[in-house]
Amino acid sequence: MVIRRMLVRMARRRLMAAAVSAAVVALVPIGVYRSGTFTLPSVGSVSSPAGGSLVIAAGPGWTAGGLDGPVPAPRSCHFRHTATGQLLPDPACTPGAIDQAVTQGTLSATICRPGGYTSSVRPPVRLTEPIKRRLMAAYGLPWSLASQYELDHLVELNAGGASDVRNLWPQPNVFAAGSGQARSAFVHNDKDAIEAYTFHAICRHQVSLTAVQHAIANNWTTAVAVMGLSPIPKGYRG
């Protein structure tokens, strides 16, 4: 009986130690890009994998009265980061949202139509700027850093993403060191390069719209490899 009690106590200690260890590993520092370097402000970050489902937005996710979706409370969202230092949004705050009007069957009339599509569904700055301020606060970022971040659509408009708040997050608008991509009218950071590349793959029917939406929302940095597309060429400009 005594031996059994000792074994039970030892097992409980192991479980408690494992729980503490897991909690410590989940908390990692967040990085902010400045001129291609990574600095560490005093904000928390969680490196847990993405989860959950994409939100089906009401149309493009906005009306003249504002953007759809709830705005998270200040400092309630936590960036994740990849092994290469790229930032990913918090899936609890930014799961991604898509426009139900954009489907595999409507590609030729929506994102792949001649003459462009995104300008017809992009909300005006007067609606997005207040949301950017509030989302930066939600991610624990001071407004003084606003010029270093863009209000990014997690699932980009040219992949059927909506402008619902649940598809928006503050993303560092720079290229990571060694990424090999090049700035252009369509590419301002590493995520832009991936979005431009996958957009062309969708319209060439090399990959399905749904596959791109889910791969980007889960981890945009691995989307190209996950879908089995050829690597983006160095110096790609969209």
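Draft legend 1. Region of the structure containing the packing of aromatic side chains. Per the stated rule, a full pass over the model turns up three aromatic pairs. Centroid distance Phe79 to Tyr139: 4.5 Å. Interplanar angle 40°. Geometry classified as tilted. With a gap of 60 residues between them, Phe79 in the loop between strand 7 (66–67) and strand 8 (80–81) and Tyr139 in the loop between helix 2 (125–138) and strand 11 (149–153) connect regions that are remote in the sequence. Owing to a relative accessible area of 1%, Tyr139 belongs among the buried residues under this scheme. A network of ring pairs unites the aromatic residues Phe79, Tyr139 and Trp169 as a single cluster.

Draft legend 2. Geometry of the state of the cysteines. This model, assessed by the stated rule, comprises two disulfides. Between Cys77 and Cys93 runs a disulfide, and the two sulfur atoms are separated by 2.1 Å. Residues Cys77 and Cys93 are joined by a disulfide whose S-S torsion is about -100°; by sign, that bridge is left-handed. Placement of the pair is Cys77 in the loop between strand 7 and strand 8 and Cys93 in the loop between strand 9 (87–88) and strand 10 (97–99), with a sequence separation of 16 residues. Of the two residues, Cys77 and Cys93, neither departs from the other in class, the shared state being buried. Put simply, Cys112 and Cys203 are joined by a disulfide, and their sulfur atoms are 2.0 Å apart. Its torsion about the S-S bond being -90°, the disulfide of Cys112 and Cys203 is classed as left-handed.

Draft legend 3. Focus on the confidence of the model for the protein chain. In the predicted model, the protein chain carries a mean pLDDT of 81, and 73% of its residues have values of at least 70. Within the model, pLDDT remains below 50 along residues 1–8, and this stretch shows zero contacts once partners closer than five positions in the same chain are excluded. In the model, residues 10–51 has pLDDT below 50 throughout and makes 70 contacts with residues more than four positions away in sequence or in other chains.

Reading guide: rules and limits
Residues numbered from 1 in each chain as written. Predicted model: local features only at pLDDT ≥ 70, side-chain atom pairs only at ≥ 80, totals over all residues. Heavy atoms only, no water. Phe/Tyr/Trp six-rings, centres within 6.5 Å; stacked < 30°, edge-to-face > 60°. Helix = DSSP H or I, 4+ residues; strand = E, 2+ residues; numbered from the N terminus. Buried < 20%, exposed > 50% of the residue type's maximum accessible area, 1.4 Å probe, protein only. Disulfide = S-S within 2.5 Å. pLDDT = per-residue confidence, 0-100. Contact = heavy atoms within 4.5 Å.

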